[in-house]
Amino acid sequence: SAACALRRYPMMNAVVDGREIKIWKKIHIGMAMDFGKGLIVPKVRNADTKSIRVIADELGYLVERARQQKLVPDELHGGTFTITNLGSWDVDWFTPINNFPESAILGVGRIVDKPWVSDGAVVAEPRMALSLTFDHRIIDGTLGARFLKTFKDRIEDTRLML
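Residues numbered from 1 in each chain as written. Predicted model: local features only at pLDDT ≥ 70, side-chain atom pairs only at ≥ 80, totals over all residues. Heavy atoms only, no water.

Peer 1: Help me out: how do you make sense of the sheet that holds strand 6 (residues 43-44) in this one?
Peer 2: What links the strands of a sheet is backbone hydrogen bonding, and the strands pair in either a parallel or an antiparallel sense. Here 5 strands make up an open sheet; going across it, the order is 6-3-7-8-9 and the pairing mixed. Edge positions in the sheet fall to strand 6 and strand 9 (121-134), since each has one partner strand and no second. As judged from the 13 bridges shared by strand 8 (residues 104-118) and strand 9, these two strands associate in the antiparallel manner. By the bridge assignment, Lys 114 is partnered in strand 9 with Glu 125. On top of the sheet, helix 4 (residues 141-156) reaches strand 7 (81-85), strand 8 and strand 9; it is set at about 135 degrees to strand 9, its chief contact. (Pairing = 2+ DSSP bridges. Helix = DSSP H or I, 4+ residues; strand = E, 2+ residues; numbered from the N terminus. Contact = heavy atoms within 4.5 Å. Axes fitted to C-alpha atoms, helices over the stretch in contact; angles between N-to-C directions.)

This is the structure we're talking about:
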């Protein structure tokens, strides 16, 4: 979902290189993780060309290698965008810090039932907070909002993830 949104909004997948803005041709998404030895960000390379199943398998592989402290530099470097999740710490909202030199990072909070109005009735529905930190030299608030809306629409409609 994030990879598809990055493909749709390429400026979200860019970097400031000196006085120029460079848009990466590839989409390599890092997943921030910590297994007690400090934050690491292994990458899923070419994420926009892979199915959700392949990405899940790759993430499982990277998590296992991270737990065993067997990640190699190629698995840790060269990311173009990062996703960080504090849901496992029961955090709803937070402000992630950009993973330099990347231009943006997506923060994902926990999924929790919240009161929601549906067809005129208040019901409990699972909700998740998203936060986006970005380099304002490249990305303005409108582009950030469009990216978040596209990402939200894709995760709400699971048919779009297949």
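Peer 1: How should the pairing of strand 2 (residues 20-23) be read in this particular structure?
Peer 2: Where a strand is regular, its side chains alternate between the two sheet faces. Here strand 1 (residues 14-17) pairs with strand 2 via 4 bridges, running antiparallel. Within strand 2, the residue paired with Val 15 across the bridge is Lys 22. If you look at the hairpin formed by strand 1 and strand 2, you'll find 2 residues sitting between the two strands, and Gly 18 has a positive phi there, around 70 degrees.

Peer 1: Please clarify how the pattern of salt bridges should be interpreted in this entry.
Peer 2: A side chain of one charge can pair with a side chain of the opposite charge if their charged atoms are brought near each other. Going through the model one piece at a time under the given rule, you end up with 11 salt bridges. Arg 7 is the partner of Asp 48 in a salt bridge, and the nearest nitrogen-oxygen pair spans 3.6 Å. With Asp 48 in the loop between strand 6 and helix 2 (52-67) and Arg 7 in helix 1 (residues 2-8), this residue pair connects regions lying 41 residues apart in the sequence. Exposure remark for Arg 7: the relative accessible area of 45% places this residue in the partly exposed category. A salt bridge links Lys 114 to Asp 92; the nearest nitrogen and oxygen atoms lie 3.9 Å apart. Taken together, the residues span a long stretch of sequence, with Lys 114 in strand 8 and Asp 92 in the loop between strand 7 and strand 8 at a distance of 22 residues. By relative accessible area, Lys 114 is classed as partly exposed at 33%. (Salt bridge = Lys/Arg side-chain N within 4 Å of Asp/Glu carboxyl O. Buried < 20%, exposed > 50% of the residue type's maximum accessible area, 1.4 Å probe, protein only.)

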